[in-house]
Amino acid sequence: MGILSQLSIIHLLWATMVFCQYEDYDFEDEYDEEPNHQRPYYFNPNTQAEVPRFPFPVECARECFCPPAFPLSMYCDHRKLKTIPNIPSHVQQLYLQNNDIEAVPAGPFTNVTFLREINLSHNKIKFHMIDHGVFAKLSNLVQLHLQHNELGEFPFPLPSSLERLLLGFNKISQLSGNALEGLPNITMLDLCNNFLDDSVLKGKPFSNMKNLMQLNLCNNKLQTMPPDLPSSLMYLSLENNSISYIPENYFKRLPKIIALRMSHNNLQNIPHNTFNLPSLLELNLGHNKLKQVFYIPRSLQHLYIEDNDIETINVTLMCPSIDPMNINQLTYIRVDKNKLTIPISTYAFFCFPHIRTIYYGEQNVNVNKSTQLRIPVFRRFLTPEEYDEAEDNHETIDHETEEDHEAEDNYFHPYF
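Residues numbered from 1 in each chain as written. Predicted model: local features only at pLDDT ≥ 70, side-chain atom pairs only at ≥ 80, totals over all residues. Heavy atoms only, no water.

Caption draft 1: Fine view of the pattern of salt bridges. Considering all chains together, one arrives at eight salt bridges under this definition. The salt bridge involving Lys-126 is made with Glu-150; its shortest N-O contact spans 2.8 Å. Of this pair, Lys-126 sits in the loop between strand S3 (117–119) and strand S4 (143–145) while Glu-150 sits in the loop between S4 and strand S5 (164–166), and the two are 24 residues apart along the sequence. We classify Lys-126 as partly exposed; its relative accessible area is 30%. (Salt bridge = Lys/Arg side-chain N within 4 Å of Asp/Glu carboxyl O. Helix = DSSP H or I, 4+ residues; strand = E, 2+ residues; numbered from the N terminus. Buried < 20%, exposed > 50% of the residue type's maximum accessible area, 1.4 Å probe, protein only.)

Caption draft 2: Fine view of the packing of aromatic side chains. Counting across every chain of the model gives six aromatic pairs. On the basis of an interplanar angle of 20 degrees and a centroid distance of 4.8 Å, the ring pair of Tyr-75 and Tyr-95 is categorised as stacked. In this pair, Tyr-75 is assigned in strand S1 (residues 73–75) and Tyr-95 in strand S2 (residues 93–95), connecting sequence segments 20 residues apart. The exposure class of Tyr-75 is partly exposed, given its relative accessible area of 27%. By the ring-pair criterion, three or more aromatic residues cluster together here, those being Tyr-250, Phe-251, Phe-275 and Phe-294. (Phe/Tyr/Trp six-rings, centres within 6.5 Å; stacked < 30°, edge-to-face > 60°.)

Caption draft 3: Representation of the environment of Asn-265. Along the chain, Asn-265 turns up in the loop between strand S9 (259–261) and strand S10 (282–284). In sequence terms Asn-265 and Asn-219 are 46 residues apart; their C-alpha atoms lie 10.0 Å from each other. Apart from residues no more than four positions distant in its own chain, Asn-265 is found in contact with Leu-238, Glu-239, Asn-240, Asn-241, Ser-242, Ile-243, His-287 and Asn-288. Within the local environment of Asn-265, its side chain forms a polar contact with the backbone nitrogen of Asn-241, the two atoms lying 3.4 Å apart. A polar side-chain atom of Asn-265 sits 3.1 Å from the main-chain carbonyl oxygen of Met-262. (Contact = heavy atoms within 4.5 Å. Polar contact = N/O pair within 3.5 Å; in protein donor to acceptor, adjacent residues only side chain to side chain.)

Caption draft 4: Highlighting the side chain of Ser-263. In this fold, Ser-263 is placed in the loop between S9 and S10. Under the relative-accessibility criterion, Ser-263 is labelled buried at 9%. When neighbours within four sequence positions are excluded, Ser-263 is seen to be in contact with Glu-239, Asn-240, Asn-284, Leu-285, Gly-286, His-287 and Asn-288.

Caption draft 5: The nonpolar core, seen in detail. Counting 94 residues, the largest nonpolar core has Phe-109, Phe-135 and Leu-189 as the members making the most contacts within it. Contacts of Phe-135, omitting those with residues within four sequence positions, involve Val-104, Ile-118, Leu-120, Ile-130, Leu-144, Leu-146, Pro-157, Leu-158 and Pro-159. (Core = buried A, V, L, I, M, F, W, Y, C linked by side-chain atoms within 4.5 Å.)

Caption draft 6: Quick look at the side chain of Asn-149. By the secondary structure assignment, Asn-149 is in the loop between S4 and S5. Beyond its immediate sequence surroundings of up to four residues, Asn-149 is in contact with Leu-120, Ser-121, His-122, Asn-123, Lys-124, Ile-125, Phe-169 and Asn-170.

Caption draft 7: Just unusual backbone geometry, in detail. Of the consecutive residues Phe-156 and Pro-157, the connecting peptide bond is found in the cis state with omega at 0 degrees. Examined against the element boundaries, Pro-157 turns out to sit in the loop between S4 and S5. Of note, the phi angle at Asn-240 is positive, near 60 degrees, even though the residue is not glycine. Residue placement: Asn-240 occurs in the loop between strand S8 (235–237) and S9. Judged by relative accessible area, Asn-240 falls into the partly exposed class, the value being 31%. For His-287, which is not glycine, the phi torsion reads 60 degrees and is therefore positive. Tracing the backbone shows His-287 in the loop between S10 and strand S11 (302–304).

Caption draft 8: Representation of the state of the cysteines within the structure. The full count for this structure, using the stated rule, is four disulfides. A disulfide bridge connects Cys-60 with Cys-66, and the sulfur atoms are separated by 2.1 Å. On the S-S bond that ties Cys-60 to Cys-66, the torsion sits near 80 degrees, and the link is right-handed. A relative accessible area of 12% places Cys-66 in the buried class. Disulfide pairing places Cys-319 opposite Cys-351 at an S-S distance of 2.3 Å. Since a negative S-S torsion denotes a left-handed disulfide, the Cys-319-Cys-351 link at about -85 degrees is left-handed. Taken together, the residues Cys-319 in the loop between helix H3 (315–318) and strand S12 (332–334) and Cys-351 in helix H4 (residues 348–351) connect sequence positions 32 residues apart. According to the relative accessible area criterion, Cys-351 is buried, its value standing at 2%. Each bonded cysteine of the protein chain gets a number by its place in the sequence, and the pairs then read 1-3, 2-4, 5-6, 7-8. (Disulfide = S-S within 2.5 Å.)

Given below as structure tokens:
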């Protein structure tokens, strides 16, 4: 009996092990089921208003497309639409760009409650064809695209929730006195490629925009610097205007400026400490009429002063002193199309120990003929650590062409 009992126990243990194996195994893995085609529901965590739950498929205008993967978005772009279709109440993102829309009536927006982004760029919208208050009632709207239209005036009123407003490539020549009032949350305002002149900005329209971080006023008709910009500003684009001077201490009110673009203006002289800005990383003053260089802050990394009238580069003006505890961060200088006859003094490499590239290109020494310095491009030999960092940043050491440097101008995109 003792032997039989032992055999019974062994048989029981073996059966238990076999059962456990099949208990952990999923038999359903052996068969191919019908795939689950239901798309995941994407919820925007930044949505302030509570969005009601709705069954699939969601309501969608017949002229548009509402992908199941993005049930809060309605795509009506590139469809040659002449009118705005009715918008379902649940929609948060509305894309109507690249159509033939001329008017923005209130009707299609009647039931809209949760709309956060509207893209009406690349249409034919005129100011007087926008129903008064049609945007103002959209209390959750944060982003509005109206660039590449036919607006002659700033569209207002707008909702106080708005954060990004793009109005570039229009015909705006007027800013009503209260056009920018009631917009405390605006962080980015693009007014490039319009018809704004100094008289329009005399009323200091930007002074109360306390959260404004980026202001684009490129390609307008400005002759002086815009007055009373808010101290919150970090990116300022003023290229392709007719600005001839920068008032002394102008930037004292703008200590947070990171990138400043003023190429293609009429600047002739820069007061010595104009750019004494602790956070400035990029400064573009190319295509002006400058005759000498100026002080640059220790934080600056990229300097563009090409196509000016500079004959010599006085490094001591740019860097009056060397502080081993606070090293200049400059890595790139572009100085082509000036009137240089000799390279920059080697003292520059003591002042700017991080300098990697000086682009000399061709110089306009003679009136009818451009000349090239012995070294059109200076590149400093990189340490192994710097080389690894450059590789990580996808930098290249190939021969530089004029096209390369035109692309370099886009380091700070106007629509950052």
